[in-house]
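The chain contents come next:
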Amino acid sequence: MKDRHPGGALAWGVFIVGVQIFVYSRSVISSPAAELFLAGAAGILIVLFAVWARANKKDKLARVLAIPVGLLGVVPRYAQYAIEDYDTDTVFFGGLLVAVLLYAAFLMLVYDRQKIQTLHQARAEDKARGYTFTQAEQFYDECVKSKIADLSRDADRQRLHLFVESRPEWQLPAVTPEALFQAGRERKAQAKRAEQEKKWAEERDRELKREAEEKKLAEMPPRAKRIYRMDQIARAAREQANAMLQAGAAVNALSQSLQTKEKDPSISAGIASGIGGVVPAAMTVSRIERENQEIRARNAAIDAQFDSTRAAAADAWLAAAGKATDWQKKAEAAKLKLTDDSRPAGELFAALTLDQPQTEQTKTGAVIVSLTAKSEQSYEVSGTQAVVDGAILADLCRENGEVAGLAHLCLPAEGLGAKEAKLSGICTAAKAGERYTVKLRPGNLFLIER
């Protein structure tokens, strides 16, 4: 079996085109710059052929000669122009083209060599084993479909041999059915573990981003936190509104795809007129009109089925768009809100009403701390009503009192007043299986105009 690169046919075509451009450039073009350009293009195309040729073990001559032949498209002409003292621009252009070609050839061959070596190594391993991993997975899948799942049972072992006897394509001389079954099961297990690890990594990445965002928000100065948080809410609402618009467009497209296109009476009438005259043409027009009326009725019925979905999408869009507008206005107004960070954070924290914090451990081991809070104390900033804003810090403590990590519980976008609000924050420093107690303490707390 030949060891060919998948793009072999294309590479041969590129090679032929490259040779043609090479010959054409040396016989027809009179401009030195144009000749260098075309010769360089030919050389680069031939280098591409060399990349493919290296994947074919039996094509040693092409593999050895393709790069020199490609360079011959440029180097001699460049040397000629340099010796004959052509204009500086042409010599510079030629030198740049030679450099680019040499660098491209080097990169291509290095990459291709690594790729081909890996491919050859994998195929050598497959040959030594007597089967490929893909074959093992397919064999295992077919065994499971045939109710063969546990080779520790004698009945399943017997069924396995009967299955192989009935399927000649699985009668592999270099491996036993049991070994092939076990290899397939192990590959499936590895794939499952890899998928779980991927999901774990994705979840951990989301948690780390959330933790960094909460820390950033908790450390923001007065007013900046409110503006930033309100902008976030407005942006999320705009994204939701755009999603609803796309959903409505998708509903319309689906409705259109299910509908039947009306017939054009002019074509059929013209044919009927040519064959039988005016009367058959009129009858054809009348028949097609009746059919089109039926098509319109069916299309209207199909379209009506999506009315409720369209209405729901429109309502959701209106709500999201209105929310985005409201929060954007609040963010603009927040730029002029008065603040007061002179009050001790401990004093503001002591006046808050907090319930018992709850903890939830995620699959990655991170801990989410949540609680409800409110502030029934009245505050003023320069004679105007104010609320508490900022963040509460939650230390996660082990049984020996050692602090394992910290979660930032940021107060709502409009601050904390008499209305109860739920706060939450995540700590990724926690470890799966460990038990923690939560100790709350004041973070960056301040007053801001309501």
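So, a few notes on the structure that sits alongside this text. (Residues numbered from 1 in each chain as written. Predicted model: local features only at pLDDT ≥ 70, side-chain atom pairs only at ≥ 80, totals over all residues. Heavy atoms only, no water.)

Helix and strand content of the protein: 13 helices and 11 strands. Looking at the protein residue by residue over its 450 residues, the buried ones come to 34%. The long-range fraction of contacts in the protein, counting pairs at least 24 apart against all pairs at least 6 apart in sequence, stands at 72%. Taken as a whole, the protein presents about 26600 Å² of accessible surface, with 57% of it coming from carbon and sulfur. (Helix = DSSP H or I, 4+ residues; strand = E, 2+ residues; numbered from the N terminus. Buried < 20%, exposed > 50% of the residue type's maximum accessible area, 1.4 Å probe, protein only. Contact = heavy atoms within 4.5 Å. Areas by Shrake-Rupley, 256 points an atom, 1.4 Å probe, with all protein chains shown as cover.)

Okay, the pairing of strand β9 (residues 421-427) next. Burial analysis of β9 places five of its seven residues in the buried class, the great majority of the element. As defined by bridge partners, strand β4 (residues 367-374) adjoins β9 across seven bridges and the pair is classed as antiparallel. The residue of β9 that forms the bridge with Ala373 is Ala421. (Pairing = 2+ DSSP bridges.)

Closest axis-to-axis distance for the helix α6 (residues 133-145)/helix α8 (residues 177-218) pair is 7 Å, and the angle between their directions is 95°. The angle between α6 and α8 falls in the class roughly perpendicular. The residues of α8 that touch α6, namely those facing Phe133, Ala136, Glu137, Phe139, Tyr140, Asp141 and Cys143, are Pro177, Leu180, Phe181, Ala183, Gly184, Arg185, Arg187 and Lys188. A class-by-class count of the residues in the contact of α6 with α8 yields nine nonpolar, one polar and five charged. (Axes fitted to C-alpha atoms, helices over the stretch in contact; angles between N-to-C directions. Parallel < 35°, antiparallel > 145°, perpendicular 65-115°, else oblique. Nonpolar A, V, L, I, M, F, W, Y, C, P; charged D, E, K, R; others polar.)

Its 13 residues place the ends of helix α7 (residues 154-166) 19 Å apart at the C-alpha level, agreeing with the 18 Å of an ideal helix rising 1.5 Å per residue. The set of residues buried in α7 consists of Asp156, Leu160, Phe163 and Val164. Around the axis of α7, the buried residues are gathered within 95° of arc, so they sit on the same side. Facing away from the buried side of α7 by over 90 degrees, the exposed positions are Leu162, Glu165 and Ser166. Here the buried face of α7 lies against α6 and α8. (Expected span 1.5 Å × (residues − 1). Arc of directions from axis to C-beta.)

This part covers the pattern of salt bridges. A complete count under the given rule lists 22 salt bridges for this structure. Measuring nitrogen to oxygen at the nearest pair gives 2.7 Å for the salt bridge that ties Arg206 to Glu203. With Arg206 and Glu203 both in helix α8, this residue pair falls three residues apart, about one helical turn. For Glu203, a relative accessible area of 27% puts it in the partly exposed group. When salt bridges with common partners are traced through the structure, they connect Glu142, Arg167 and Glu169 into a single cluster. (Salt bridge = Lys/Arg side-chain N within 4 Å of Asp/Glu carboxyl O.)

The next subject is the packing of α8 against helix α9 (residues 224-258). One way to put it is that α8 packs onto α9 with a least axis distance of 9 Å and a crossing angle of 140°. With respect to α9, the axis of α8 lies oblique. On α9, the residues touching Glu213, Lys216 and Leu217 of α8 are Lys225, Tyr228, Arg229 and Gln232. Among the residues forming the contact of α8 with α9, the class breakdown is two nonpolar, one polar and four charged.

What follows deals with the environment of Lys422. Within the secondary structure, Lys422 is located in strand β9. Each C-alpha atom, one on Lys422 and one on Thr372, is 4.3 Å from the other, the two residues being 50 residues apart in sequence. Excluding residues that lie within four positions of it along the chain, Lys422 makes contacts with Ser370, Leu371 and Thr372.

Assignment of secondary structure puts Thr428 in the loop between β9 and β10 (437-442). Looking at Thr428, its side chain comes within polar contact range of the side chain of Glu211, at 2.6 Å. Sequence-distant contacts of Thr428, that is, excluding residues within four places in its chain, are made with Arg204, Glu207, Leu208, Glu211 and Ala366. (Polar contact = N/O pair within 3.5 Å; in protein donor to acceptor, adjacent residues only side chain to side chain.)

In this section: the packing of aromatic side chains. Tallying each qualifying case throughout the model produces three aromatic pairs. Ring pairs connect the aromatic residues Phe139, Phe163 and Trp170, which therefore count as one cluster. (Phe/Tyr/Trp six-rings, centres within 6.5 Å; stacked < 30°, edge-to-face > 60°.)

Right, let's talk about the sheet that holds β10 for a bit. Spatially, β8-β7-β10 is the arrangement adopted by the three strands of the open sheet, whose pairing is antiparallel. With partners counted over all chains shown, the strands left at the sheet margins are β8 (403-410) and β10, one partner each. Averaged over all pairs of adjacent strands, the angle between their axes in this sheet comes to 25°, without regard to strand direction. The sheet contact formed by strand β7 (residues 391-397) and β10 spans six bridges and is antiparallel. Its bridge partner being in β10, Leu396 is matched across the sheet by Val438. In this fold α8 packs onto β7 and β8, with an angle of close to 65° to the strand it touches most, β8.

This next bit is on the pairing of strand β11 (residues 446-449). Side chains of β11 alternate between two faces, with Phe446 and Ile448 and Leu447 and Glu449 buried alike. Bridging between strand β1 (residues 339-340) and β11 involves two bridges; their strand directions are antiparallel. Counterpart to Asp340 in the pairing with β11 is Leu447. In the sheet, strand β6 (residues 384-389) pairs with β11 via four bridges, with the strands oriented antiparallel. Paired with Ala386 across the strands is Glu449, a residue of β11.

The subject of this paragraph is the nonpolar core. The biggest cluster of nonpolar side chains holds 27 residues, and the ones touching the most others in it are Val369 and Leu409. Looking at this core, the element that brings in the most residues is β4, giving four residues. Setting aside anything within four residues of it in sequence, one finds Leu409 in contact with Val369, Leu371, Ala391, Ile392, Ala394, Leu423, Ser424 and Gly425. Membership of the second largest hydrophobic core comes to 16 residues, among which are Cys143, Leu160, Leu172 and Leu180. (Core = buried A, V, L, I, M, F, W, Y, C linked by side-chain atoms within 4.5 Å.)

Another aspect to go through is a nonpolar patch on the surface. A cluster of nonpolar side chains, contributed by Leu245, Trp317 and Leu318, occupies part of the molecular surface with about 290 Å² of accessible area. Note on placement: Leu245 falls in helix α9. Relative accessible area serves as the criterion here: at 47%, Leu245 is assigned to the partly exposed category. (Patch = residues over 30% accessible without salt bridge, like charges linked within 9 Å, V, L, I, M, F, W, Y side chains within 5 Å.)

Nothing here speaks to function; it is geometry throughout.
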